[in-house]
Amino acid sequence: MANELDERGVVPSAVVRRGTLTGILQEIAQTPEVALGERWDERLRPGAVVAGRFELVREVGRGGFGVVYEARDRQLGRTVAFKAVRAGDRAALREERLVREAEAAARLSHPNIVTLHDVGRTEHGPYLVLELLRGQTLADRLDQGPLPVREALRVAVEIARGLAHAHGEGVVHRDLKPANVFLLDEGQVKLLDFGLAHALGRRRQDGGTPAFMAPEQWRGAPEDERTDVFALGVLLFRMLSGELPFPEDDGGKAAQASRPAPALDVPEVPALGAFVARMLKKDPVERPRDGAAVLAALAAFQRELDRTPSSPSAPVRARRRPRRAAALAAAAALAFAAIVAALLVVRPWDRVPGDAPGRPVTVAVADFANQTGEPELDGLSGMLITSLEQSQRLAVLTRVRMLDVLRQMGKTDVKTVDESLGRELALSAGVRALVLATIRRFDQIYAIELKVLDPVRSEYLFTVKEEGRGKASVPAMIDRLSERTRARLWETPAEVQASSAKVADLTTSSLEAYQHYFRGEQLKEAIRYEPAVEAYRRAIAVDPDFALAHYRLAYLGKFTILDEGERRAHIAAALRAADRVPAKERVLIQAWNAVMEGRSQEAHALYERAVEAYPQDKEVLFMAGDQWLHEDEWARALPYFQRSVALDPTFEPSLMHQADCLAALGRTEELAEVARRWTERAPSAPAFRALTQAHGAAGRVEEAVASARRALDLDGTSYSRVVLAEALILAERYAEAEALLRPFATPSASRLDRSHHVMSFVAALAYQGKRREALRAVDEFPEEVEGKRGARRALKLELLHDDPPSDAAVREARALSRDGDPHVTKGMAIALAWRGDLDGAAEAAARLPPEMRPHYDAAVAWRRGEVDRALSLARELAKKGGAEEGRAPALWVLAHAAFDARKDDEVVAAADALRSVPGGGWRTWGLADAQLLAARALERKGERAKARARVDQVLETWKHADPDLPMLARARELRSRLAARTG
């Protein structure tokens, strides 16, 4: 089989393209089973080469699904697992559903699922090529006895991660058992044969383990994700106890009978036994809905176990119920079922129309109608949403998501989601149950009436009421209303009981504190961060232990310039109560703590976990991308912002950072299109700031200035002021930029204003040669320019530039190259090369990111006098756009290399191009240096009038420059020489 390889050695034509795998399945369906096995047996021997490429080394396993060999991929020079496929129930392959499932399974890509490299067929039959794993199967490990609780939980969590990914892609394994779980030597867990066993006709794998099959599999009933949940429950039961919950030699009778699985006693994690019992429920509806639900629960047990001191494990025991007790339990269950059935006959409205049993019911909660006149009761809808979100049967829209939907419907500036708006929203968003609530007060008695509406039929499904004495009773009333609502929306009592934390524990017991917090959330969503911070402060003033408010202050404090010590105190307070906050916020608190402590990899892992769990949360996606963006990893950040914008096309933080990434990556046409659509859809200041970026990246400097002025006219904020200043700097109107920023970069300005303006103010001064004043500003406001560790020192290094460089500047550059902050160190190798310190540059280059290596090589080649190589490298780099590729510094090196090669026209072209390309702090001297170099090239060409005009422009810009600047002296010397020669 001939296939094209991509850069990773994968065969996309085989795995990704639908037709190839479909063809293999059709071939299997049409081939006699015996003949298929015999034909492969002719070829399966060590030394044989299959498909002209895979040399078989040794057999590593076999079963009803096929024979597996360790093989050598002679084309790619790697070791793989080669599986010769044998078919089973071929009639099943004629079902289109199974073909689709196999195609989906082939596309699965997850660290806990074995990688499928290739599929193909020869005259002997079809085959799969997978990654070769080193270790042992879980079946081999279980032969040695049960696993310690911590190890069993770790393995189960990794299995659940793989299941969660596959279930999210619509793929079900259906043959999960110990032989299909692989424990790698390095500790990772991989799932084998995911989805393919069933797709290739193996509904019941010959010689397999029937005890891992769910009751619906034995009955031939429809299967879904909960079939895998049952199998994982059996696996976990076996790992913990060393036993199987149901006999494996009774033809599935025990698995199908009404008798429940034996109870597990797990002394180290008592609740784990009850959860395993829930996974092993005979009725699929009573199990956790999918791998993601199991993962969330098991990860919580794992965290609980991690918080307890390690000690000798108490044995796990399986308690089998006496038959009499089982019979009584069965009778009780039948009686309960009869009661439920009777209730269903009497009250048919309990079922939400249009929702299949087991499928999550989408719920929206309108704002409470507060008839008490007490403002602290205005935010109760947020409390109810938080409580309902604990359900695994409900998909509850957050308030932020509801506002997103309303904005997309053209309803902006919504302050209250009342019943009318709620009905419109529900129909637009596919909501099946809209919750409407009213709170009233009668003397000291507070009453909440909650109605649940079917928005499609415009009929009320049910009404529940709660009363309590005094305002302090309201949170408990919310808890009871939540539990009753969940029960009415087809959640079992056991499910409600399993996840019913009190809303006061998840948030705060103070309604006044929650009202301030709710207001802060509204302000945050409106991008009004400073008043939001004040609202969170008020919440904490009322309840000092309010973890969610502490987290918001620790997070937003970075963008509103709260003191670092204060922000650290807030994140510490949030962490102390993190085990009581909702699951999403718990992960975000841990992630932000990792960010603040500089543990970047941990932060990325936590944000990625949040994205996996909450893929429809625009803020979670924004935070995951924001962490990459602040590490200048533009390409890795961009997809998160794009996904966030897809959820809410008006979400300004993600829109702004999407524009930042596109600009940095040099994708100017895409940036222009994004900005244009944004300004047309919502002509806001952020939209025109993005348009300014697009114009600047394309070299349209005057259009950039015009767009920036429009942004400043619209909102008058510091963000727009700085964007206008940067556009003016790009247009070389430095004095205007200085005048615009100066009032906001002085000691009398607020710290927030200084933080936004000082860096651009310093640049405007430096471009004019006012380096002493620029240095004073850097020293006067160190916190405002620090931003990242070492950034202030790096900026000062640029402001101290001399040619030739001073010894002090070289020493400082060497020190910065060893600083350890990647934002600073990654540029120092190039900076040292520019300054001619090639030894220091070579030392720093060891820490240089791969994408910056060509810039370093070009600078070193130029300094070594390797002019042709420097020219070649710099020309290639200068063709690229964006900050990441560094077109601006490449143009500077190109100008110098071309000057040394006496290519004067190229010198002038490079210097001219540099004028319209944004750059970093080095550009404050690099731009003038390139213009003087271009003047010398023009002088060498005999075009002295043009050369003198160019020098005059530099001197005009520097008319207020520090008089002792070496570059100023060179400019004046060149001007005098040109004047003498042109008479």
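If you're wondering where the values come from, they're calculated on a predicted model, not measured in any experiment.

Draft legend 1. Quick peek at the overall build of the protein chain. Along the backbone of the protein chain there are 47 helices and 17 strands. Looking at the protein chain as a whole, 54% of its 983 residues are labelled buried. Nonlocal contacts in the protein chain, meaning residues at least 24 apart in sequence, comprise 62% of its contacts between residues at least 6 apart. Summed over its atoms, the accessible surface of the protein chain is roughly 41,800 Å², and 51% of this surface lies on carbon and sulfur atoms.

Draft legend 2. The arrangement of the sheet that holds strand β7 (residues 135-137) in detail. The strand order β7-β8-β9 describes an open sheet built from three strands, whose pairing is antiparallel. Strand pairing shows two members of the sheet lacking a second neighbour, β7 and β9 (189-191), which therefore form its edges. Strand-to-strand twist in this sheet, taken as the mean axis angle between neighbours without regard to direction, amounts to 25°. Each of β8 (181-184) and β9 is contacted by helix α6 (residues 149-168), which is oriented at about 40° to β9, the strand it contacts most.

Draft legend 3. Up close: the nonpolar core. Counting residues in hydrophobic clusters, the biggest one holds 118 residues, and the most contacted among them are V474, Y551 and W592. Those residues in contact with V474, other than ones at most four positions away along the chain, are L377, L380, I439, Y446, I448 and L511. The next biggest cluster of nonpolar side chains, apart from the first, holds 89 residues, and it includes W834, L891, L927 and A947.

Draft legend 4. Molecular detail of the packing of helix α26 (residues 618-629) against helix α27 (residues 634-647). Direction vectors running N to C along α26 and α27 enclose 160°, while the axes themselves pass 8 Å from each other. Our classification of the angle between α26 and α27 gives roughly antiparallel. Seen along the crossing, α26 lies across α27 with a hand that is left-handed. Facing K618, L621, F622, A624, G625, D626, W628 and L629 of α26, the residues of α27 in contact are W634, R636, A637, Y640, F641, R643, S644 and L647. Here the residues of the contact of α26 with α27 sort into 10 nonpolar, two polar and four charged.

Draft legend 5. Here's a closer look at the confidence of the model for the protein chain. The pLDDT averaged across the protein chain works out to 81; a share of 80% of its residues lies at or above 70. Counted against residues more than four places away or in other chains, residues 89-98, with its pLDDT under 50, gives 20 contacts. Within the model, the stretch residues 201-208 combines pLDDT values under 50 with 22 contacts to residues more than four positions away or in other chains.

Draft legend 6. Summary view of the side chain of R399. Structurally, R399 is set in helix α15 (residues 399-408). Within the structure, the side chain of R399 is placed 2.7 Å from the side chain of D367, a separation counted as a polar contact.

Draft legend 7. Fine view of the packing of aromatic side chains. All chains considered together, the criterion is met by 19 aromatic pairs. For the ring pair F54 and F82, a centre distance of 5.9 Å and an interplane angle of 45° mean the geometry is tilted. Pair noted here: F54 is in strand β2 (residues 54-63) and F82 is in strand β4 (residues 78-85), with a separation of 28 residues, a long-range link. Looking at F54, the relative accessible area reads 1%, which means it is buried. We classify F82 as buried; its relative accessible area is 0%. When the ring centre of F899 is taken as reference, the NZ or CZ atom of R940 above it lies at 4.1 Å.

Each value, and the rule that gives it
- Residues numbered from 1 in each chain as written.
- Predicted model: local features only at pLDDT ≥ 70, side-chain atom pairs only at ≥ 80, totals over all residues.
- Heavy atoms only, no water.
- Helix = DSSP H or I, 4+ residues; strand = E, 2+ residues; numbered from the N terminus.
- Buried < 20%, exposed > 50% of the residue type's maximum accessible area, 1.4 Å probe, protein only.
- Contact = heavy atoms within 4.5 Å.
- Areas by Shrake-Rupley, 256 points an atom, 1.4 Å probe, with all protein chains shown as cover.
- Pairing = 2+ DSSP bridges.
- Axes fitted to C-alpha atoms, helices over the stretch in contact; angles between N-to-C directions.
- Core = buried A, V, L, I, M, F, W, Y, C linked by side-chain atoms within 4.5 Å.
- Parallel < 35°, antiparallel > 145°, perpendicular 65-115°, else oblique.
- Left-handed = near helix turned anticlockwise from the far one by under 90°.
- Nonpolar A, V, L, I, M, F, W, Y, C, P; charged D, E, K, R; others polar.
- pLDDT = per-residue confidence, 0-100.
- Polar contact = N/O pair within 3.5 Å; in protein donor to acceptor, adjacent residues only side chain to side chain.
- Phe/Tyr/Trp six-rings, centres within 6.5 Å; stacked < 30°, edge-to-face > 60°.
- Lys NZ or Arg CZ within 6 Å of the ring centre and 35° of its normal.

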